Structures are given as structure tokens and as C-alpha cells.
Amino acid sequence: MTSPTRPPRTSADRLARLLHLVPYLLARPGIEITEAAADLDVTEKQLREDLELLWVCGLPGYGPGDLIDMAFDGDRVTITYDAGIDRPLRLTPDEALALVVALRMLAETPGMANRDAIERALAKIESAAGDRIGAPVEVRLPGNADRLAGIRDAVERGRALRITYYTATRDETTERVVDPMRVLMVGGRGYLEAWCRRAEAVRLFRVDRIDALDELDEASQPPAEAQPHDVSDGVFHPGPELPLVTLRVGRGARWITEYYPCESVRADGEEWLVSLRVSDLPWARRFVLGLGPDATVVAPLELVEQVREQAAAALNQYS
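Parameters and conventions
Residues numbered from 1 in each chain as written. Predicted model: local features only at pLDDT ≥ 70, side-chain atom pairs only at ≥ 80, totals over all residues. Heavy atoms only, no water. Helix = DSSP H or I, 4+ residues; strand = E, 2+ residues; numbered from the N terminus. Buried < 20%, exposed > 50% of the residue type's maximum accessible area, 1.4 Å probe, protein only. Contact = heavy atoms within 4.5 Å. Areas by Shrake-Rupley, 256 points an atom, 1.4 Å probe, with all protein chains shown as cover. Pairing = 2+ DSSP bridges. Phe/Tyr/Trp six-rings, centres within 6.5 Å; stacked < 30°, edge-to-face > 60°. Arc of directions from axis to C-beta.

Thoughts on the overall build of the chain
Counting secondary structure elements, the chain contains nine helices and 12 strands. Among the 319 residues that make up the chain, the fraction classed as buried is 34%. When contacts within the chain are restricted to residue pairs at least 6 apart in sequence, those whose partners lie at least 24 apart make up 57%. As displayed, the chain has an accessible area near 19,100 Å², and 51% of this comes from carbon and sulfur atoms.

Rendered as C-alpha cells:
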């Protein structure tokens, strides 16, 4: 019989397993290797390789009496010296807190399925690590509680919505009727994904930019062609059809290369030349003005003129 195919494991997976392996074997002296492999969800070959690696691990000095030691009796193994690794690996306070925050964000996300399972996992972690993470953690997603509750109910009960929405790229507020599809978290922000009847397309609406919300007496009925966005790489997916902007940025604005997808970044003396796609030039104008003296527009010329005119108009207000 062939062994089932297992997904590839990373070095981080192996490190975590090795840290758990010694206290696991200490609690089960003389355990059969096949039984241990099944418990740890690894192949017998992988477990034997882990045991061989443990033989050269231990305390500084790394001589006799410092390294982890074990005894084999046929296919059974017993740890005879643990080198101080005698307790299972525990979450650090930072790790426990990160898990609690992430689970609370999931629990508060409107339309999230399996909320009961999330709450059970959260209760277990808080119970086990409560003394290490201090005071209870409260997580609030962007947007007020009433808005989130209304969106959650509409998504879960399949109701259409009339929303008043602020579009930052055009700096305008519009009213539209949408057919909700799901609510998701991307980059720490909540989004309502819905079929927009005005645009006749699927749109992502940032929850904190929904200024007003009314549930309609009709079902949410996205058409067959309404397909969810792939947000595995973020919400914004720049394509060649979008304007290409090139900026000369100083040290204080280099953070944009980590926050926004860039097509190229190259050093030019003490400054960087950064090229990136933008949704439209009005948004790029406000973006560049917000960066202040740490950014200068190189191209396109249309954006250069827009920024110059807007900056001149702002300076005139001080005269």
C-alpha cells in the first residue's frame, strides 16, 4: 500500500515539530515510531530524519552531555536526555495576542460563516493564554457598529441595499442600489462585495465609506455573470489600461514602494524614481499633494500641471 501524498512542509513546520517532538517523546517513553509518526501527521521516514537531526541539537558546547540523546529498542524510541526542552512549545504573549485579534476580526466580519467555530477557538486560546495577554481584547472594524450590523444582516438574509457611498478616487458621494454577495477583510479593512445596479458590475465598497444604508424589501439577486473578485493579492489590481505615474521621492516617501504595487523602483542619487499605475489622475493629484515636499511628479505632464496648479491655488489662500 502506498502512503498518501502529503503537502510539502516548510522549514518553519519542521522547526515547530522538532520543538514539540522532545516533550512528546518524554511523555511516551518506548513509543513505536509508527505510532508517533501517525500522531504527528508525518511519514515514518520523516520522523526518523527528525530524530537524526535531534541527535546533533542541544546546549552550547555541543559535546557529550550537551546534546539531546535517545535510545532505540528495535522500532521504539526513548528520550534519555532532553537538553532542557522538556515542555511543549507555547505561544508567546505577542503570538497569542495576534491570534486573538485575528479571530476577533473574523468573528466581527459581517457575513462570516462558521462563526460558532471561531468563537470556540477564541475561547480556548483566551482561556489558555489569558494570563499572558493581559486585559481582554476588544476589536472594532472600520465603520460604526450599526452599519456593520446592518450589512451583516443584509448579507446573511439575502436582502438588497440602497447605499450612499463616498468614492475617494473621484472625491464624490453617490447613491446606488446593490445586491450584496459577501463581506470580506482585505488589508485590515472591511469591504462589501456586491452587484452594483448603477455600474452593472461587481464592485467592492469599503465599509467605512458607506455613509448611509437602507435595507430594501427585495431579495439580493446578483446576475449569473456576477463573479467574486480575487483579493488574494489585495483589492487593487493595476493593469496596462491604467495611467502610469512616475514620481521622484525622497527618504520620507519611500514607504509608498511597500504600500502600493510599483512597476519599477530605481535609485537616482539620494532619491528614488518610482513608477506605479493609478486608478485615475485626480486620485494621483491628491495622493502626490499629500506626500508634500518628499515627492515630485516626473510624468505624465498632465499630472505635473494639475499638481502645480493645485499647489499654487493652495498657496494663494495664504496670501
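Next, the rest of the story.
Comments concerning the sheet that holds strand 3 (residues 76-81)
Overall, antiparallel pairing links the three strands, which are arranged 1-3-2 in an open sheet. If you trace the sheet from one side to the other, it starts and ends with strand 1 (31-32) and strand 2 (69-73), each paired once. One ladder, built from two bridges, connects strand 1 with strand 3; its direction is antiparallel. Across the sheet, the residue bridging to Ile 31 is Val 77, located in strand 3.

Some remarks on the packing of aromatic side chains
Using the criterion set out here, one finds six aromatic pairs in the structure. Taken together, a centroid distance of 5.0 Å and an interplanar angle of 80 degrees make the contact between Tyr 165 and Phe 205 edge-to-face. You can see Tyr 165 sitting in strand 4 (residues 159-167) and its partner Phe 205 sitting in strand 7 (residues 201-206), a full 40 residues away along the chain. When the ring of Trp 283 is compared with that of Phe 287, the centres are 4.9 Å apart and the planes differ by 10 degrees; the resulting orientation is stacked.

Some words on helix 2 (residues 33-40)
Two residues of an α-helix separated by three or four positions point the same way, owing to the 3.6 residues in each turn. Regarding helix 2, the residues found buried are Ile 33, Ala 36, Ala 37 and Leu 40. Down the axis, helix 2 shows its buried residues gathered within 100 degrees of arc, on one side only. Two residues or fewer past helix 2, Asp 41 is found with a positive phi of approximately 60 degrees.

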